[in-house]
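# Summary of the model geometry
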Amino acid sequence: MLPTPVMEKAASEFLNYRGSGMSIMEDSHRGKLFEEVLDTSLSLLRELLSVPENYEIMFLSGGASLHFSALPLNLLKEGESADFAVTGIWAKKAMEEALRFNPVKKIYDGEDHKYTESPELNDSMVNPGAGYVYITSNNTLLGTRYATIPNITKAPLIADMTSEILSRKIDVSKFGAIFAGAQKNIGPSGLSVLIIRKDLLGRSGRTVPILMDYALTAKNKSMYNTPPTYSIYMAKLVFEWLKDLGGVEKIEKINEEKAKILYDYLDTTSFYNAPVKPNSRSVMNVVFTLQDKNLESKFLAGAEEKGLHGLEGHRLVGGLRASIYNSMPKEGVIALVEYMKEFEKKV
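Keep in mind it's a predicted model, so treat the numbers as computed, not measured.

### With respect to the layout of surface pockets
- For the largest pocket, the calculated volume is near 370 Å³.
- The wall of the largest pocket is formed by 16 residues, among which Leu142, Pro275, Thr289, Val317 and Gly318 lie closest to the centre.
- The biggest single contributor to the lining of the largest pocket is strand S11 (residues 285-290), with three residues.
- Taken together, the residues of the lining of the largest pocket break down into nine nonpolar, four polar and three charged.
- Viewed by domain, the lining of the largest pocket spans two of them, domain 1 (4-245) and domain 2 (247-346), each represented by three or more residues.
- Along its surface, the second largest pocket is lined by 20 residues, and Ala64, Trp90, Thr162, Gln183 and Lys184 are the ones closest to its centre.
- Class assignment for the residues of the lining of the second largest pocket results in five nonpolar, 12 polar and three charged.

Written out as structure tokens, the structure reads:
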């Protein structure tokens, strides 16, 4: 979902961006109009997340999964190992991809309890010589998150924040790098964001494919090749919307209120079940099941009729899932709970 004011702004500028007579998607990525869009986008993101000056911010194509390959190639020397906390399917996929290039070690695996909670990681769990420690801060499929970001100092902490970036305040200085696909809280798919400590650029000393080379991308200001210009423009509009709203601190309070409405209801009924342990519950993705799984298709059909879309769980895990990202208003969550109560009474 994208904020309605953002969509309206984009629509009003679609055919004629700032009196240029053309859409921003028609402008050259080397043109002054897009250069301003890019500079503003990067500046706003730095401001919203309070990113220190010793960190680079860059945009890349390819989505978050690109970084599953790019991270080991950029940050690990030949033969060097990385530590992974496997809290779900995406962390597992990232680990499997890293294993194609370097050794990896699991410092946590939540598969035995079906990934229903996130661990408390600390330096005592980090293996000697680890090039970095990798986490997925929020799990879309499974509805878990790290309520508190791990305090890791023995190796750079790397986080996939695709599904919760800009949803809560974080201390960027705790991380060696943060990456995120745009399609949850930033803008259209096909764009990813990377925030990385400058001293880590070029750390591996390896020959890295050009479009995965973080140092080269930073040197060329995210424009070694033609970037996804319209997606960056949309990201700029989202960043402006979030700043006008009151920033990350404000949206965090709104997000907590939205999630509380849904979890409070789930905790009072036996008709539905919320499998995630309370201390690990995601604020962005609320997963739940029906006690009678045979009713799921009927529940989903009724939800669609009410204008409640995308509630089917991911194909790999099943169940039901309400994704309540930044752009979802509280009214949407209230409408979902009202429908859930109505469905429970009907059947």
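### Some thoughts on the pattern of salt bridges
- The full count for this structure, using the stated rule, is 17 salt bridges.
- Between Glu47 and Lys243 there is a salt bridge, with the nearest N and O atoms lying 3.4 Å from each other. Linking Glu47 in helix H2 (residues 32-49) with Lys243 in helix H6 (residues 229-245), this pair joins segments that are 196 residues apart in sequence.
- You can call Glu47 partly exposed: its relative accessible area is 44%.
- Given a relative accessible area of 41%, Lys243 falls into the partly exposed group.
- Residue Arg281 is joined to Asp267 by a salt bridge in which the shortest nitrogen-to-oxygen separation is 2.9 Å.

### Examining the environment of Leu262
- Within the secondary structure, Leu262 is located in helix H7 (residues 247-266).
- Exposure remark for Leu262: the relative accessible area of 0% places this residue in the buried category.
- Distance in space between the C-alpha atoms of Leu262 and Ser12 is 35 Å, their sequence separation being 250 residues.
- Not counting chain neighbours up to four residues away, the residues in contact with Leu262 comprise Val286, Ala322, Val333, Leu336, Val337 and Met340.

### Section: the domain arrangement of the protein
- Here the protein is partitioned into domain 1 (4-245) and domain 2 (247-346).
- Using only C-alpha atoms to locate each centre, domain 1 and domain 2 end up separated by 27 Å.
- Counting residues at the interface gives 28 residues for domain 1 and 27 residues for domain 2.
- Of the roughly 2300 Å² buried at the junction of domain 1 and domain 2 (both faces included), carbon and sulfur atoms supply 58%.

### Digging into unusual backbone geometry
- Positive phi, close to 50°, is recorded for Arg18, a residue that is not glycine.
- Relative to the assigned elements, Arg18 resides in the loop between helix H1 (4-13) and H2.
- Of note, Tyr115 is a non-glycine position whose phi angle comes to about 55°, a positive value.

### Focus: the sheet that holds strand S10 (residues 272-273)
- Pairing within the open sheet is antiparallel, and its three strands lie in the order S10-S11-S12. At either margin of the open sheet sits one strand with a lone partner, and together these are S10 and strand S12 (320-323).
- In terms of strand pairing, S11 meets S12 through four bridges, oriented antiparallel. Paired with Val287 across the strands is Arg321, a residue of S12.
- Together, S10, S11 and S12 form the strand contacts of helix H8 (residues 296-305), whose direction differs from that of S11 by roughly 130°.

### Quick look at the pairing of strand S9 (residues 191-197)
- With six of seven residues buried, S9 is to be regarded as a mostly interior element.
- Direction of pairing for strand S1 (residues 55-61) relative to S9: antiparallel, over a ladder of seven bridges. Residue pairing for S9: Ser61 is matched across the bridge by Leu191.

Conventions adopted
- Residues numbered from 1 in each chain as written.
- Predicted model: local features only at pLDDT ≥ 70, side-chain atom pairs only at ≥ 80, totals over all residues.
- Heavy atoms only, no water.
- 1 Å grid on protein atoms, 1.4 Å probe; cavity = no way out; pocket = protein on both sides within 12 Å on 5 of 7 lines; lining within 4 Å.
- Points joined across faces, edges and corners; volume = space filled by probe spheres on them.
- Helix = DSSP H or I, 4+ residues; strand = E, 2+ residues; numbered from the N terminus.
- Nonpolar A, V, L, I, M, F, W, Y, C, P; charged D, E, K, R; others polar.
- Domains from an automatic or database assignment.
- Salt bridge = Lys/Arg side-chain N within 4 Å of Asp/Glu carboxyl O.
- Buried < 20%, exposed > 50% of the residue type's maximum accessible area, 1.4 Å probe, protein only.
- Contact = heavy atoms within 4.5 Å.
- Buried area = accessible area lost by both parts, 1.4 Å probe.
- Pairing = 2+ DSSP bridges.
- Axes fitted to C-alpha atoms, helices over the stretch in contact; angles between N-to-C directions.

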